[in-house]
Amino acid sequence: MSPLLPGLGFLLLVGWLVAAATSAGTYLCSSSPVNESAVCASVKSASQEMLLEIAHGEASPCSLAFGQYACAQSAWLQDLQDDFLISLYSCLTPKPVSAMDPEYSILFFSKYDAKKLVAALTVFSQQFSHVPLSLEWNMIFINGLWEKMLQVPDIDSPSILSQWVHEGLQPFLLKPEAFACLHAKNVLCETFQMIVAALNGIYSDLPVEEQRNLYTGIKYYLIQDGSNQKCYSAADPGLNSTAWFKNYLGSFLEHATIGDLQLFGDEPTLQKFARNPVNIQMVSNLTLLRETAVYYTSLLTSGPGFPLSSLPDRFVCYLSPLAVSNLSRDDALSLAQRISKNCPLNLTHRGVTRERVPFSLTTEQLQVASSLVRKFEHFPPAILRALRQAAVGLSISDIENGISGKDLEASISALGEVRGWNAEQSSAIINKLLSSGYQILDGQSLAKLGSLVAGFNSSTLRRLSPEVILEAIKLPEFVQQMATLPSALKMIFVEKISSSVSHPVELVKYIPDALASYIPKSLLVFGEEKPNIQDLNSKMWTREQAAVFFNDVIKTEPDFSRLSQSVLQGFTCAAANETEAERFQELAKVMKKKNVKLGEDQLSCLVKMVTLHGIPKDLDSYPKDLLLFLSPSDYAATGSCRQYFANIGKANLDVLQRESSQRKQLLVEALACLKIPGTQVDEENAEVLGRLVCDLGGEYIRSSGGNLLKQLSQCESFLPNQEEAIRSVISSGNTTFGPPVMWSAFTLNELSGLIPVFDHSILQKIPKNALSLWLKNFAHDSPLSREQLGTVVEELLPTRHKRADGCPPSKKITEMVLNDDLMPIYYTPEELHACLKNVSLENHLSQILTYPFSIQQLAVLKRYLDETYPDGYPESLLQKLGPLTAFITPEDVSKWNITSADMLAVLLKNEPLDDQASAIIKRYVGLGNALNATALNTIGTKYVCLLNAAELNMIDSNSLKLASLNPSACSEVTKDILYAKAKRAFSDQHYLPAYYELIEPYLGGAPGVDLRSLSKDNVNMKVSTLATLKRDSLLNLTLSEVQGLLGMNLRDLEKWQNKSPIREWVQMQKQSELDKLHIGLTGGTQEGYMNIVTPKFQSPSSASLGTVAMTLHLLPTLLISFLMMLVLS
C-alpha cells in the first residue's frame, strides 16, 4: 500500500501558512513602470558634491534618504565605491519601510551600470553574513534588482543568469518569503527553472541552514497559487517535462518531506516524475530524508512496468516486502548482494537526529530479508554466502531444519559478517554449531564467529579460558562485535579479561571500547601506578567510573585540555579541594570547551570553587550549567540579565529538581528580567526562556497561544494544569499548526513530543490517515514509548467493539499481516482474540511485540500465550515477552525455568513492577542460581531493595566488589548487611583516596566509628549522602566530625537543616558552636538549655523486652535531670 498524506488538508494548511507569511510582504513587490518625475517630485534632491563626499568616505551613507539616492542623476551614482551597497543596506534596515520604497528600489537600481552593480553585489555577497538581514528590505532590494536584471542583455543565457543569482540575488533569497515576491511579480516557470538551476550550481557550497532556507523559498513559489501541479501540464509543450524534480527542485529535494512532494502533484503525476530517467539519475546521488527516500522508492516500485534491476543502488535500501515478493531465486540472490553492498546498517539520513541502537534494522529491512530468504527451502554454503546480509531473514525453523551442521560450519565466515541478528537467531546458530562439534580452541576460532558471538549463553562463555578471549580481543574484526553483545555477556568478557591481567593500567589498555563502561569501579583504582592518560581518553566511561580515577588523573596530567569529556565527567570535590586555585580555574574552563555534563552535586561543588575568591568576570568561559547555581546579579559583570537567561534556557535544567525552590526562583527572575507583561509570552521571549518554558504554569500556556508549543514539545513531562492548558491551546486551532482536523502526518511529527498530552477529544479530530501514516513513517524516530504509541492505536480502532463470533475472512492473520507494523490498527481486541486461534506466533512474537498494541490488545496476546502454554512458558518464549511482562503474575513466574543470569537479565530488562520483579528474583534464587556479580548488576539499584535478608546473606563479598549497586533507598537491614559486605570487599583499598568513591553508596549502613574515621580523610561527602546515614550513627557525630565529612559541601547543610535526621542532629548541637560555622544553621541548643531528641524505639515485636524495660527504667532519671536544668536556669 503506497503511503499517502491527507493532501487536501495539508495543502489548505500550508496555503494558509504561506498566505500568512507573505501577505504582509508581497505589496513590497511591484513590476509596474516607474514614473520618475512623479516619484521624485516630493524628494529633496541630493547634490553631486554630497554623493562624491559619500563615495570618498568623507560623509556617512546614512546622511541621505533612499529616495535621494534613487532620484539622483545616473552618472553621479557611478562614483560610488563597490562596498556602497552594503553600507546603504546597513543604513536602511533599522528604518521602517514606506510605500514609496519599492518604487525607489526599481528607480535606484535601474540607474546603476550593470557591470558596476554586479561588482557591488559581489562585495555584498561576500560580506552579508556580518549584516543583520531585514525581510522587508530584502524584498525591496529584490524588487529593484529583479527589474534591473531583466534589462541585462542575454539574461536568458544560463551563464549570465547564474552570475546574477550567485553574485547578486543569493543573499536576499535566504529569507524564504522573498520567493513570494517572485511569484507576485509573475515570474514565469521557465525563468524560475533557470533560477533553480543557478542556485543548484552552488548548493554543495552552502551551509545546511542556507540550503534549507532556499528550499523553503522554492517551495513557497511552487505552491503559491494553490495549484496541485505548479509548473506542470501534460497538455502544454512548454510545461510537460516529467523531469520536474530536476527542473524545479534540483539538489534542494534533499530537504523535501513526503508532505511537500504531495503538494507538488497527485500520486500518478509524482510517479511519472519519479520514474523520469533524469530525475532518477539526480536522486541517486542525493541523500534524502529517510521517509522521503522510502516514499520515492515506493513511487518507483509500486506500479507495473518498473524492473528492480533499474532501481538505483541507493534505493534498494528502502524497498518494501511487496516489491520483492515476486522475484525469482536468481533475482532474489542478485538483489541480496546489492543490498549487502549498498545498505550499511548505520545509514545516515538528513533530519534524523535520534540515535539508533548499533546495527539496528528497520522493520521493512527485516521483512525484505525474510521475503528474499523464503525463496529457498535449503541453504547450502553457496546460498548463504550469496545471501550475505539478507541471511538476517532466516527463521529459527530455517536454522534448525534447513541448514545442516556441516553446512553451517562451512558458512561461519559469511554468517559472522551479518549484522542485526536477534537473540534467538544467533543463539540457535551457536547452539547448532556447538552441538555439531565446532570447537573454540583459540582466539581465532572465537573471532571467526563474528556477530554470532552474541548467541553465547553465559555458562558457555564462562567455560572459555581467559587466554582465548585475550587473544580474540587483539583482533580488530572481533572487537567490532562487542558493541552488539547483551549486557550479561559484556560483563563476563570483562571478568575474563580482568582475570588475565594483573594491573588496572593493563586492563584499560586491552579492554575493547565497547566493554569499558562495564569494568567494575574497584578494578579502576590505580593506587601507586601511574595511569596512562592516552588509554583512558580513548574509552567511554560512566561518571561513577571516572570519579574513581579522577584524582589520579589530575595529579598526573599537567595539561587538562588533553583530557577527554568522558574522563572529565568524573570531577569530584575531593580532587578539586587539592588543586591550586589557578589550576582549578583552568580545569573548569576546559570542562566548558569539552561540553562536559555534570550532576547537581558536582556543579554545586564546582560553583563553590569557581567563586571562592569572588565572582569571575568571564562566567561565559565556564560550563553553562554553572549558571543554574548563580543569579543574574552574579552575571552582571559578564553580560545582561537577558544574556544570562538565554544561557539558562540552553542549560541542562533537569540538574535541578522540577519543584525545587532554586528552579522556581530562576523562573520568577527570568520573567522579571524579560519584562513579560501579564501571562503572555511572545515567540522571541520563548526562545530566550528555552527549557524554562517547561516550568511555566497553565495560565501562561493559555495566554501565549501557540507561541510556546515549539519549546513545550521538548519538555520531558508536564504538571496536570500544564497538560490541560496545552490541550486547550491545541483544541482552539489558533496556532501555526491549525486545527487538529487539518493536521497531516508531518504536523504530528513536529508535535510528537506533545502527543502524550493529547486526550481523546483531540485525537479523534485528527484525520485517521494522518495518524496511520505518522505511525508508519515517523513513529520510529519519535520520543514516544511503545505504550504511548498504543494510545494512538486505540484512536484508530472502532469505538464500539462488536463481539466477534469468529475471525472475519478479510482479517485472517497471514504472514504479510504479521510482518506489517501497522497490524494493531487492523484488529479490535475481540477480533484479535478470534483471529489468533490456530495461528502460530512462535517465529513472530519478538517482532510483533515491537508494534504499538493497545493495553487491551496486549492482554489478548497474553491470554493467547496462557492458552497455548497452560503448564508455563518455555525458556525460548521468556526471552520474547517484552511489554507482556506488565501482565505477568507471581503464579506465572512460579512455572518458569529461570536457569541463568542471562535469562534474569532479559526478564528484568523489561522493567517489571516490584512485585513481579521480586517473584522473578525469588524464582531465580529458588532454582539454585547464585547471586554473582552478573546477577547483581542485572538486579541493579532498581531492584536491590527487594532482596530479603536471606538472599542478601547469599551474596559473596567478592561478587559485590564487581557489582555496581546503590542501596541508599533501601531498608536499614538491607543497608547494614550490604555495608558490612562492601567494607570487606574493598578492605584492600581502604588506604587509597578512591576508597571513598567505592564505599560511598553503602554508607547508609555504616556505624559511627567508621564515619569518624572517614571524617579525617578529606572525603567531601555530599549532604544528600549525609541525610541517608543511619540515624544513630549521625546523631553520635560531633560538629567537627560532620564538618570533616562534608568539607567543601558544609555550606549546603543549611538547605537540609529542616529534614530528618539532619534536623535532629542540629538540635543536639550548641547554637553558639553552630554560629561559628557562619552557614545559617538554627535550632541548636541555647546556653543553659538542653534539647531532648525523641529516640526512635523499635516496636516490641522487633526489640527485646529487656531493652524496652531498660529504656523505661531510665526515663525518671532523664525527667529529673531536665527539671533540674529548668530550675537552675
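Residues numbered from 1 in each chain as written. Predicted model: local features only at pLDDT ≥ 70, side-chain atom pairs only at ≥ 80, totals over all residues. Heavy atoms only, no water.

Asks: Quick one: what's the story with the environment of F66, residue by residue and with numbers?
Replies: Along the chain, F66 turns up in helix 4 (residues 66–70). Separated by 26 residues in sequence, F66 and L92 place their C-alpha atoms 7.6 Å apart. Not counting chain neighbours up to four residues away, the residues in contact with F66 comprise L88, L92, D101, Y104, S105, F108, W137 and I140. (Helix = DSSP H or I, 4+ residues; strand = E, 2+ residues; numbered from the N terminus. Contact = heavy atoms within 4.5 Å.)

Asks: Let's hear about the state of the cysteines: which residues, and what values?
Replies: Within this structure, the stated rule accounts for nine disulfides. A disulfide bridge connects C62 with C91, and the sulfur atoms are separated by 2.0 Å. Taking the sign of the S-S torsion, -80 degrees for the link of C62 and C91, the bridge is left-handed. Here the residue C62 occupies a position in the loop between helix 3 (48–55) and helix 4, and C91 occupies one in helix 6 (residues 84–92), the gap between them amounting to 29 residues. Since its relative accessible area comes to 43%, C62 is described here as partly exposed. The exposure class assigned to C91 is buried, which follows from its relative accessible area of 8%. Across the disulfide from C807 sits C835; the S-S distance is 2.0 Å. Torsion about the S-S bond of the C807 and C835 cystine: about 95 degrees, corresponding to right-handed handedness. (Disulfide = S-S within 2.5 Å. Buried < 20%, exposed > 50% of the residue type's maximum accessible area, 1.4 Å probe, protein only.)

Asks: Kindly report on the nonpolar core, identifying the contributing residues and their values.
Replies: Core analysis: the largest hydrophobic core is formed by 366 residues, its most contacted members being F108, L446, L449, W774 and L1053. Of the residues forming this core, the biggest block, eight residues, is contributed by helix 9 (residues 135–150). Ignoring anything within four residues of it in the chain, the contact list for F108 reads F66, Y69, A70, L77, F84, L85 and L88. (Core = buried A, V, L, I, M, F, W, Y, C linked by side-chain atoms within 4.5 Å.)

Asks: I'd like to hear about helix 40 (residues 661–673), residue by residue, with values.
Replies: Helix length check: helix 40, at 13 residues, gives a terminal C-alpha distance of 18 Å against a target of 18 Å (1.5 Å per residue), a fit within 8%. Of the residues making up helix 40, those classed as buried are R663, L666, L667, A670, L671 and C673. The buried residues of helix 40 occupy an angular sector of 160 degrees when the element is viewed end-on, so they sit on one face. Of the exposed residues in helix 40, the ones pointing more than 90 degrees away from its buried face are S661, V668 and A672. Structurally, helix 40 contributes buried residues whose contacts are with helix 39 (641–650), helix 41 (683–689) and helix 42 (698–703). Of the residues one or two after helix 40, K675 is the one with positive phi, at around 55 degrees. (Expected span 1.5 Å × (residues − 1). Arc of directions from axis to C-beta.)

Asks: Give a detailed account of the packing of aromatic side chains, specifying residues and quantitative values.
Replies: For the coordinates displayed, the defined rule picks out 35 aromatic pairs. Aromatic pair F109 and F141: ring centres 5.5 Å apart, planes at 75 degrees, arrangement edge-to-face. A residue pair is termed long-range when its members are at least 10 positions apart, and F109 in helix 7 (residues 101–110) and F141 in helix 9 qualify at 32 residues. For F141, a relative accessible area of 0% corresponds to the buried category. With centroids separated by 6.4 Å and ring planes inclined at 40 degrees, the aromatic side chains of Y851 and F853 adopt a geometry described as tilted. The cationic tip of K1059 hangs over the ring face of W1056; the distance from NZ or CZ to the ring centre is 4.6 Å. (Phe/Tyr/Trp six-rings, centres within 6.5 Å; stacked < 30°, edge-to-face > 60°. Lys NZ or Arg CZ within 6 Å of the ring centre and 35° of its normal.)

Any functional reading would require information beyond the geometric quantities listed.
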